[in-house]
Amino acid sequence: MTALLIADWYPSSKGGYYRKFEVYSMSWQREVSLESSVLTCAPNGGPIAVMRDRSKVVKIQGSGKPVIAIFSSSGRLISTFVWNSGNVLQLGWSTTEELLCVQGDGAVLVYDMFANYQRTFSMGKDVQETRVLSAEIFESAIGTGVAVLTTTFRVFIVNNYKEPKTRLLSEVVGIHQAPNAWAVVCEERHTRVLMAVGPELYSMSESESRAILQPVDLGDDISMVVRIAVSSSYQCVALLSDRGRLWLGTADLRNNYRLVDVRPFTIRQIAWCGEQGVVLNCESSLEVIPCREENLSFLQDPPSHLIQEKDCLRVVSGSTHEIIQRVPQVVVDIFRINSTSPGSYLLEASKQFQKKSHRANEYIHLVKPKLSMAVGQCIEAAGQEFDPSVQKMLMKAAQFGKDFLPEYCPDAYVRMCRLLRVLNAVRDPKIGIPITYTQLQLLTIQMLVDMLVRRRQYFLAIQSVNYLHIPDSSSHILTHWASYKVKQLRLDADQIAKEIAEKLGRTAGVSYTNIAKEAISNGRTELAIKLLDYEPRATLQVPLLLGLGKVEVALVKAIESGNTDLVYTVLIHLHENMQLGNFEMKIRQFPLAQALYLKYCKEHNRERLRTIYMQEDDHSAQAACFIQDAYSPQNSTTREASLVAASEKFKIIKSDLHASLCEEQLKLLKYQRTLEEKFHQEFVNGSLQDTLVSLLTLGEVKLADKLRTEYRVPDRRYWWLRIESLAEQGKFGDLETFSKSKKSPIGYEPFVDVCLKHNRQSEALKYMPKVREELKEKYISKLGNRILSQGSDLGILD
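All of these numbers come straight from a predicted model, not from anything done at the bench. Residue numbers here run from 1 along each chain, matching the order of that chain's written sequence. Given that this is a predicted model, residues contribute local features only at a pLDDT of at least 70 and side-chain atom pairs are listed and counted only at 80 or more, while totals for whole chains, interfaces and linings are drawn from all residues. Side-chain measures were taken over the full set of non-hydrogen atoms in the model, leaving aside hydrogen atoms and water.

Caption draft 1: Region of the structure containing the overall build of the chain. When you go through the chain residue by residue, the secondary structure sums to 32 helices and 29 strands. Three exposure classes are used, based on accessible area relative to the maximum for each residue type with a 1.4 Å probe and protein chains only: buried under 20%, partly exposed in between, and exposed over 50%. In the chain, which comprises 798 residues, the share counted as buried stands at 50%. Within the chain, contacts between residues at least 6 apart in sequence are counted, and of these 48% link residues at least 24 apart. For accessible areas, the Shrake-Rupley method is used with a probe of radius 1.4 Å. Any residue's cover is judged against the shown protein chains and nothing else. In the form shown here, the chain has an accessible surface area of approximately 39,700 Å², with 49% of it arising from carbon and sulfur atoms. Think of it this way: any DSSP run of H or I at least four residues long counts as a helix, any run of E at least two long counts as a strand, and we number them from the N terminus. The criterion used for residue contact is that any of the two residues' heavy atoms lie within 4.5 Å.

Caption draft 2: Expanded view of the layout of surface pockets. Throughout, the protein atoms alone are placed on a 1 Å grid, and a set of points is a cavity if a 1.4 Å probe fits but cannot get out or a pocket if it is open with protein on both sides within 12 Å along at least five of seven lines; lining residues have an atom within 4 Å of a point. Grid points are joined across faces, edges and corners, and a volume is the space filled by probe spheres set on the points. Here the second largest pocket is characterised by a volume of approximately 670 Å³. Lining the second largest pocket are 24 residues; nearest its centre among them are Asp 112, Gln 118, Arg 454, His 480 and Lys 487. Those elements that place two or more of their residues in the lining of the second largest pocket are strand S10 (117–122), helix H10 (445–454) and helix H12 (474–485). In terms of residues, the lining of the second largest pocket owes the most to one element, H12, which gives 5 residues. When residue character is reported, Ala, Val, Leu, Ile, Met, Phe, Trp, Tyr, Cys and Pro are called nonpolar, Asp, Glu, Lys and Arg charged, and the others, Gly included, polar. For the lining of the second largest pocket, a count of residues per class yields 7 nonpolar, 7 polar and 10 charged.

Caption draft 3: Fine view of the side chain of Ser 511. Residue position: Ser 511 is located in the loop between helix H13 (493–504) and helix H14 (512–521). Owing to a relative accessible area of 10%, Ser 511 belongs among the buried residues under this scheme. For Ser 511, the side chain forms a polar contact with the main-chain nitrogen of Asn 514, separated by 3.3 Å. Polar contacts, as used here, are pairs of N or O atoms within 3.5 Å; protein pairs need one atom able to donate a hydrogen and one able to accept it. Residues neighboring in sequence count only if both atoms are side-chain atoms.

Caption draft 4: Up close: the packing of aromatic side chains. Paired rings are identified among Phe, Tyr and Trp, the last through its six-membered ring, by centres lying within 6.5 Å, and are further divided according to the angle between planes into stacked (under 30 degrees), edge-to-face (over 60) and tilted (the rest). In the structure shown here, the tally under the stated rule is 12 aromatic pairs. Look at Phe 21 and Phe 386: their rings are 5.4 Å apart centre to centre, the planes differ by 50°, and that puts the pair in the tilted class. Of this pair, Phe 21 sits in strand S2 (residues 17–25) while Phe 386 sits in the loop between helix H6 (371–383) and helix H7 (388–402), and the two are 365 residues apart along the sequence. Of the two residues examined, Phe 21 and Phe 386, each falls in the buried class. Relative to Trp 83, the ring of Phe 81 lies with its centre 6.5 Å away and its plane at 55°, an arrangement referred to as tilted. Each member of the pair Phe 81 and Trp 83 is classed as buried.

Caption draft 5: Main features of helix H16 (residues 538–547). Those residues of H16 lying buried are Ala 538, Gln 541, Val 542, Leu 544, Leu 545 and Leu 546. Residues of H16 that are buried sit in contact with H14, helix H15 (525–532), helix H17 (551–561) and helix H18 (564–577).

Caption draft 6: Representation of the pairing of strand S26 (residues 296–299) in the model. What you see with S26 is a clean split: Leu 296 and Phe 298 sit on the buried side and Ser 297 and Leu 299 on the side with no burial. By the bridge criterion, 4 bridges tie strand S25 (residues 285–290) to S26 in an arrangement that is antiparallel. Bridged to Glu 287 within S26 is Ser 297. Paired strands are those between which DSSP finds at least two bridges.

Caption draft 7: Quick peek at the side chain of Gln 103. By secondary structure assignment, the location of Gln 103 is in strand S8 (residues 99–103). The class of Gln 103 is buried, set by a relative accessible area of 4%. Of the polar contacts made by the side chain of Gln 103, one reaches the side chain of Ser 85; its length is 2.3 Å. At 2.8 Å, the side chain of Gln 103 forms a polar contact with the backbone nitrogen of Gly 86. If near-sequence neighbours (up to four positions away) are discounted, Gln 103 is found in contact with Trp 83, Ser 85, Gly 86, Asn 87, Leu 89, Leu 109 and Val 132.

Caption draft 8: Representation of the pattern of salt bridges within the structure. Whenever Lys or Arg places a side-chain nitrogen within 4 Å of a carboxyl oxygen from Asp or Glu, that contact is recorded as a salt bridge. This model, assessed by the stated rule, comprises 19 salt bridges. As a salt-bridge pair, Glu 322 and Lys 20 come within 3.0 Å of each other at their nearest N and O atoms. On the criterion of sequence distance, the pair formed by Glu 322 in strand S29 (residues 320–326) and Lys 20 in strand S2 is long-range, its members being 302 residues apart. With a relative accessible area of 16%, Lys 20 lands in the buried category. Here Glu 293 ties to Arg 326 by a salt bridge, and the two come within 2.7 Å at their closest N and O atoms. Residue Glu 293 is located in the loop between S25 and S26, and its partner Arg 326 is located in strand S29; the two are separated by 33 residues in the primary sequence. According to the relative accessible area criterion, Arg 326 is partly exposed, its value standing at 23%. One network of salt bridges, with partners in common, ties together Glu 97, Arg 454 and Arg 455.

Caption draft 9: Looking closely at the sheet that holds strand S23 (residues 269–273). Across the sheet, 4 strands lie side by side as S23-S24-S25-S26; this open sheet has antiparallel pairing. The two strands at the open ends of the sheet, each matched to only one other strand, are S23 and S26. Pairs of neighbouring strands in the sheet enclose a mean axial angle of 25°, with direction left out of account. When strand S24 (residues 277–281) meets S25, the two strands line up antiparallel, connected through 5 bridges. Paired with Val 279 across the two strands is Val 288, which belongs to S25. Lines are fitted to the C-alpha atoms to define the axes, a helix being fitted only along its stretch in contact, and any angle between axes, read from their N-to-C directions, falls within 0 to 180 degrees.

Caption draft 10: Looking closely at the sheet that holds strand S11 (residues 132–140). If you walk across this open sheet you meet the 4 strands as S11-S12-S13-S14, and the pairing is antiparallel. The sheet is open, and its two edges are formed by S11 and strand S14 (167–168), each paired on a single side. As defined by bridge partners, S11 adjoins strand S12 (residues 143–150) across 8 bridges and the pair is classed as antiparallel. Of the residues in S12, the one forming a bridge with Glu 136 is Ala 147.

Caption draft 11: Local environment of the confidence of the model for the chain. pLDDT gives the predictor's per-residue confidence on a scale running from 0 to 100. Averaged over every residue, the pLDDT of the chain is 84; residues scoring 70 or more account for 87%. Counted against residues more than four places away or in other chains, residues 788–798, with its pLDDT under 50, gives 9 contacts.

Caption draft 12: Spotlight on the packing of H17 against H18. Two elements in contact, H17 and H18, have axes whose closest approach is 8 Å; the angle formed by their N-to-C orientations is 160°. The angle between H17 and H18 places the two elements in the roughly antiparallel class. Classified by chirality, the crossing of H18 by H17 is left-handed. Residue-level contacts link Val 551, Ala 554, Leu 555, Ala 558, Ile 559 and Ser 561 of H17 to Leu 566, Val 567, Val 570, Leu 571, His 573 and Leu 574 of H18. Here the contact of H17 with H18 is built from residues that sort into 10 nonpolar, 2 polar and no charged. Angle categories: roughly parallel below 35 degrees, roughly antiparallel above 145, roughly perpendicular from 65 to 115, and oblique for all the rest. Note: crossing handedness is left-handed where the near helix turns anticlockwise from the far helix by less than a right angle, and right-handed where it turns clockwise.

Caption draft 13: Representation of the environment of Val 146 within the structure. For Val 146, the location among the structural elements is in strand S12. The contacts of Val 146, once residues within four sequence positions are left out, are Leu 100, Val 102, Val 108, Phe 121, Met 123, Glu 136, Ile 137, Phe 138, Phe 156, Ile 157 and Val 158.

Caption draft 14: Quick look at H17. Within H17 the residues assigned to the buried category are Ala 554, Leu 555, Lys 557 and Ala 558. All buried residues of H17 fall inside an arc of 165° around its axis, so they share one side. At the C-terminal side of H17, Gly 562 shows a positive phi close to 75°. The reported arc concerns the directions from the helix axis to the C-beta atoms and nothing else.

Caption draft 15: View of the environment of Ser 232. Checked against the element boundaries, Ser 232 lands in the loop between strand S19 (225–230) and strand S20 (236–241). For Ser 232 and Glu 139, which are 93 residues apart along the polypeptide, the C-alpha to C-alpha distance reads 8.4 Å. Once you skip the residues sitting within four places of it in the chain, Ser 232 turns out to touch Gln 308, Glu 309 and Lys 310. In this structure the side chain of Ser 232 is engaged in a polar contact, spanning 3.5 Å, whose partner is the side chain of Gln 308.

Caption draft 16: Highlighting the nonpolar core. One finds Phe 335, Leu 346, Ile 500, Leu 504, Leu 531 and Leu 571 to be the most contacted residues of the largest nonpolar core, which totals 96 residues. Apart from residues lying up to four places away in sequence, Leu 504 is in contact with Leu 478, Trp 481, Ala 482, Val 510, Tyr 512 and Ile 515. Within this scheme, the nonpolar core is defined by two criteria: the residues are buried Ala, Val, Leu, Ile, Met, Phe, Trp, Tyr or Cys, and they are joined through side-chain atoms within 4.5 Å. Residues Leu 169, Cys 186, Tyr 234 and Val 237 belong to the second largest nonpolar core, which totals 34 residues.

Caption draft 17: Here's a closer look at the pairing of strand S22 (residues 256–261). As judged from the 5 bridges shared by strand S21 (residues 245–250) and S22, these two strands associate in the antiparallel manner. Paired with Gly 249 across the strands is Asn 256, a residue of S22. Between S21 and S22, which pair antiparallel in sequence order, lie 5 residues; one of them, Leu 253, sits at a positive phi of approximately 65°.

Encoded structure:
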């Protein structure tokens, strides 16, 4: 196995190795001709878009309109669509695997991988007027960007196509001819363009008013840059001159790695293989030009297309999909001939153990001081391999080694086992995502799951997140699945709703409202209503039902939720969109809704409240309403009329007691107005007791006695009022006279209390002989030492 593995390695100087291995045998062999097609491939093993190259003369059938076909990386057809818009200058993929199509007028049309149109945005009015000469789609720090070169040789850039904001870069002064080549370089949040014009190379950015000349030594003063290739990380750049010189260096052009003569080759394409070097796509070979090592050459059957990745290079041809990469150092350390690394010894020990050879013990003794490192190397190397048999061999070695480490934490081993199973599943030709372990580390597992969701591989996505124990991911996948399901117009609404409910249930994080909105956007209102029945949150459910015109259903849901604010929301909506009579008839069917409406009317529209009570012949409620109006400060002028109306309503329902109370209150009100005219003092708005107190304070005892008799005020209450009034006025002599007028119905203790309240102990002593015997001790205690000093003279202590 080891010999077969390293047989595909190609050594370069300084101990490095490159390898080229096949990932897929392409399924499109009879459908795609690379010689007459334009390819654009999404990063990280994403889909491939193919369109006929209109610059080449090819015999075609049909209308002649361009057809864009989208394939998986294994060559399986995903979708096709006929291009019916303007002239397409450039195709490219976003980081979220949406296809961007740049037209000559600066419009950019966006499609998903299933050829569903998403949206269109424009590069601006200036671009539309001057037209686009060429375009590039690139990955920026904030998303996927689009750069266009106009016929006036100005460059416009959008750094994030999802939030398009066009920026104009600096100008190359005096330019009169089209650039030889240009490329985008992103540095953190700053984007610039390298442009070759004649023998000169310029750097253009938004912050500079003019392009900056960049001197580069191409080995010849009159050389011109004809091609520019930038690495995926934007750290390195390759410049090809018209004299056949290839310059490799840093993107800032300050450091040169190599200057190579490539004149013998007819170069079709230049692409970076990670950061280690470039690959030249020639007629019959792929020439690997490392930055600091000797060149390598791979034979090929033309034509092929190179796809840059962050850690490798994908090579797509008519029959195969291959990967070229620098062999990871950990793999080299384990499999290199005569290697003495701990991982190599551990792998050999594992092989000998499986053969049941005693030599396994010898190798274990050799590696034992570094056994933990050896296990880690085998685990890491397994992640770097595509061949499941090699992965299994390395993981068996790691398992064998960790058994000799009692304190070894198995988390890394378990995680790699799980990751490898997921990676092998997504690399399967049916899925067609040939992502590497290094790319997965850069992307994260969640992004890989999103890639599966975008391909509608929902089952595999669910299985993956469950197998990898990724929390809170199932709801995201299920929501996407349900949104896709509602778009299946051929399926019955009841069937879809039932199936979605069975799959989703009460899964945390799943919103049936969002799925219902998706159904609405696809014109499936009936399905949306059925889905809303499963939404447990009425606050999300009710507004959408109102938007669909299902007001009665919305009202029922709001009432069932017990949320009065939500019920009010529905009532307001009904009130604004229905005739008043129909509205009131509708809510009568729902007691809680009607009660809340009446409460609202009590606070904001009392006239409407009385009208409702009149319509329902509710005389008791009408009477209560009139009484409330009578005592409202805003209705003081109509108080008598309100009381008369209340009395009449009580008489209708034969509530004589309430009717008489209203009449007595009306009589008191009229008497209070008379008193106000006579004494020029406020009496209205006061109670019967307040009126008595006011009269007693004025000294109008006869009037108070008359009012008391007329309204049958109890003697006990009246005596209390007289006592407190006289004490408040300081008329303690009149208080004593009043106490002797007749026997007190409330006893004489209140006389003592009011005297003590006003600090008149001497007056209080006058009433002590009349205090009941059982209370004398209590009141003596209240009076204190003064009682003791004077009590013998008064005879109260006998």
